[in-house]
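Summary of structural features
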Amino acid sequence: MSSTLPPALRRKRRREAARTAAFLSPWLIGFGFFFLYPLLSTVYFSFMNYDGFAAPTFVGLRNWDFVFTKYPSFWQGMGNTLWLVAVMVTLRVAFGLGVGLLVTKVKTGSGFFRTAFYLPYLAPPVAATMAFAFLLNPGTGPVNHLLGEIGLPQPGWFTDPSWSKPALTMLAMWGIGDLMVIFMAALLDVPREQYEAAELDGTSAPQRFRFVTLPNIAPIVVFAVVTGVIQAMQYYTQAIVAGKVASGVIGGSGQQFEPGYPHGSTWTLPQMVYNLGFQRFDTGSACVVAIILFAISMAFTSLLMRRRAGFLNSED
């Protein structure tokens, strides 16, 4: 059909297509080099026996079989990662929203509280994790000392498999400043007229939050959950540092360290990728775990995006 167009119109459309491609070229180049090529390479190497040095050889589904049936602690790491997604993300979003609500209601000293809640987010992850590990040390940490003074149980925190993930969740909730700022901006953007109309109708504060605040900030809640899931699926630094500090392995080239200390309770999928690819030099199996990690992240994100209509206003 395009052959029936006048030559001038065809030249105009070609110029428009070339101009559009030129504007899109930075994104296309970045997408190709930093996403598409690594993704295709990961899929390719998942079917190869490759140690990073010798030429890769095709082995079919052997790497997949090894990861799912023979790699120790794979399913434990999968469960730990999903636990972090379900519990840590939920508590971070709820706590960030709660702090944002409280700070927006403060009349005096709101700047101080905003700064106080945001500053922990700026702390480097390694330094923050080491500080938390020393604070929660079951023998010498001040937290357990205070709990003992008031007659409460003194958990083992990072040395106890039952408390290691809750301790990491506490660390994540301490650095809640990013979500607080996002939620504050959304809360301050809610039209005051809707609150006034709801008050005239005699609604209570919980009802105003449910029927006025939540529908207006629902897109931000969905954004916070989606980004939180992606971050939780990539959770590595805090877990590995907390395990090293709690086990006493904080430096030295000759020291042995059990990944996921204690007893695999902080073992996550990103740690598996590092363990397989850079410690065992089994790049093929590491690529299998990376694909699983990517697939789970995409599944969670797709589910949340499909369900967003249940959170948004009907007119959205």
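Details of the structure are given in the entry above.
Residues numbered from 1 in each chain as written. Predicted model: local features only at pLDDT ≥ 70, side-chain atom pairs only at ≥ 80, totals over all residues. Heavy atoms only, no water.

1. Some remarks on the overall build of the chain
Assigned secondary structure in the chain consists of 13 helices and two strands. Here the C-alpha coordinates of the chain stretch approximately 90 × 70 × 30 Å along the principal axes. A burial count over the chain gives 35% of its 316 residues as buried. Across the chain, every contact between residues at least 6 apart in sequence was considered, and the portion connecting residues at least 24 apart equals 67%. If you sum the accessible surface of the chain, you get close to 18,700 Å²; carbon and sulfur atoms cover 66% of it. When the 22 positive and 15 negative side-chain charges of the chain are each reduced to one mean point, those points stand 13 Å apart. (Helix = DSSP H or I, 4+ residues; strand = E, 2+ residues; numbered from the N terminus. Buried < 20%, exposed > 50% of the residue type's maximum accessible area, 1.4 Å probe, protein only. Contact = heavy atoms within 4.5 Å. Areas by Shrake-Rupley, 256 points an atom, 1.4 Å probe, with all protein chains shown as cover. Lys, Arg positive; Asp, Glu negative; His and termini not counted. Charge placed at Lys NZ, Arg CZ, Asp CG, Glu CD.)

2. Side note on the packing of aromatic side chains
Taken as a whole and assessed by the stated rule, the structure comprises 18 aromatic pairs. Between F35 and F294, the ring centres sit 6.2 Å apart and the planes meet at 55 degrees, which makes this aromatic pair tilted. Of this pair, F35 sits in helix α1 (residues 7-45) while F294 sits in helix α13 (residues 283-306), placing them 259 residues apart in sequence. Ring geometry for Y236 and Y274: centres 6.0 Å apart, planes at 55 degrees, overall tilted. Here Y236, found in the loop between α10 (205-233) and α11 (237-247), pairs with Y274, found in helix α12 (residues 269-279); they are 38 residues apart in sequence, far enough to count as distant. (Phe/Tyr/Trp six-rings, centres within 6.5 Å; stacked < 30°, edge-to-face > 60°.)

3. So, the side chain of Q271
The topology assignment puts Q271 in helix α12. A relative accessible area of 3% places Q271 in the buried class. Sequence-distant contacts of Q271, that is, excluding residues within four places in its chain, are made with Y236, A239, I240, P259, G260 and T266.

4. As for the pattern of salt bridges
Summed over all chains, the structure comprises two salt bridges. Between D65 and K70 there is a salt bridge whose closest N-O contact spans 2.6 Å. Residue classification places D65 among the partly exposed residues on the basis of a relative accessible area of 36%. The closest approach of N and O atoms between D178 and R92, which form a salt bridge, is 3.1 Å. A residue pair is termed long-range when its members are at least 10 positions apart, and D178 in helix α8 (residues 177-188) and R92 in helix α3 (residues 74-105) qualify at 86 residues. (Salt bridge = Lys/Arg side-chain N within 4 Å of Asp/Glu carboxyl O.)

5. Quick notes on unusual backbone geometry
The omega torsion of the bond from Y261 to P262 falls at 0 degrees, within 30 degrees of zero and hence cis. Summarising the element assignment, P262 is placed in the loop between α11 and α12. The backbone of W157 sits at a positive phi, close to 50 degrees, despite the residue not being glycine. You can call W157 buried: its relative accessible area is 6%.

6. Here's the deal with the packing of α3 against α10
The N-to-C vectors of α3 and α10 enclose an angle of 140 degrees; their axes lie 9 Å apart at closest approach. Of the possible angle classes, the one that applies to α3 and α10 is oblique. Our pair here, α3 against α10, has a crossing hand that is right-handed. Together, T81, L84, V85, V89, R92, V93, L97 and L101 of α3 and F209, I217, V221, A224, V225, G228, V229, Q231, A232 and M233 of α10 make up the contact between the two elements. When grouped by side-chain class, the residues that make up the contact of α3 with α10 number 14 nonpolar, three polar and one charged. (Axes fitted to C-alpha atoms, helices over the stretch in contact; angles between N-to-C directions. Parallel < 35°, antiparallel > 145°, perpendicular 65-115°, else oblique. Left-handed = near helix turned anticlockwise from the far one by under 90°. Nonpolar A, V, L, I, M, F, W, Y, C, P; charged D, E, K, R; others polar.)

7. Remarks on the nonpolar core
Grouped together as the largest cluster of nonpolar side chains are 35 residues, with contacts concentrated most on F74, L269 and I292. Going through the elements one at a time, α2 (62-70), α3, α8, α9 (192-200), α10, α12 and α13 are the ones with two or more residues in this core. With near-sequence residues (within four places) excluded, F74 lies in contact with V67, F68, L269, M272 and I292. Among the nonpolar cores identified, the runner-up in size contains 19 residues, and L168, Y235, A239 and A242 belong to it. (Core = buried A, V, L, I, M, F, W, Y, C linked by side-chain atoms within 4.5 Å.)

8. Quick word on α8
Residues spaced three or four apart along an α-helix face the same direction, because each turn holds 3.6 residues. Between its first and last C-alpha, α8 extends 16 Å over 12 residues, near the 16 Å set by a 1.5 Å rise per residue. Along α8, the positions that sit buried rather than exposed are G177, D178, L179, M180, F183, M184, A186 and L187. At its buried positions, α8 is contacted by α3, α4 (110-122) and α10. (Expected span 1.5 Å × (residues − 1).)

9. Some points on the environment of Q231
Mapped onto the secondary structure, Q231 falls in helix α10. Between the C-alpha atom of Q231 and that of S297, which follows or precedes it by 66 residues, the distance is 9.5 Å.

10. Points about a positive patch on the surface
A cluster of like positive charges, contributed by R11, K12, R14, R15 and R19, occupies part of the molecular surface. Of note, K12 is situated in helix α1. Given a relative accessible area of 44%, K12 falls into the partly exposed group. (Patch = residues over 30% accessible without salt bridge, like charges linked within 9 Å, V, L, I, M, F, W, Y side chains within 5 Å.)

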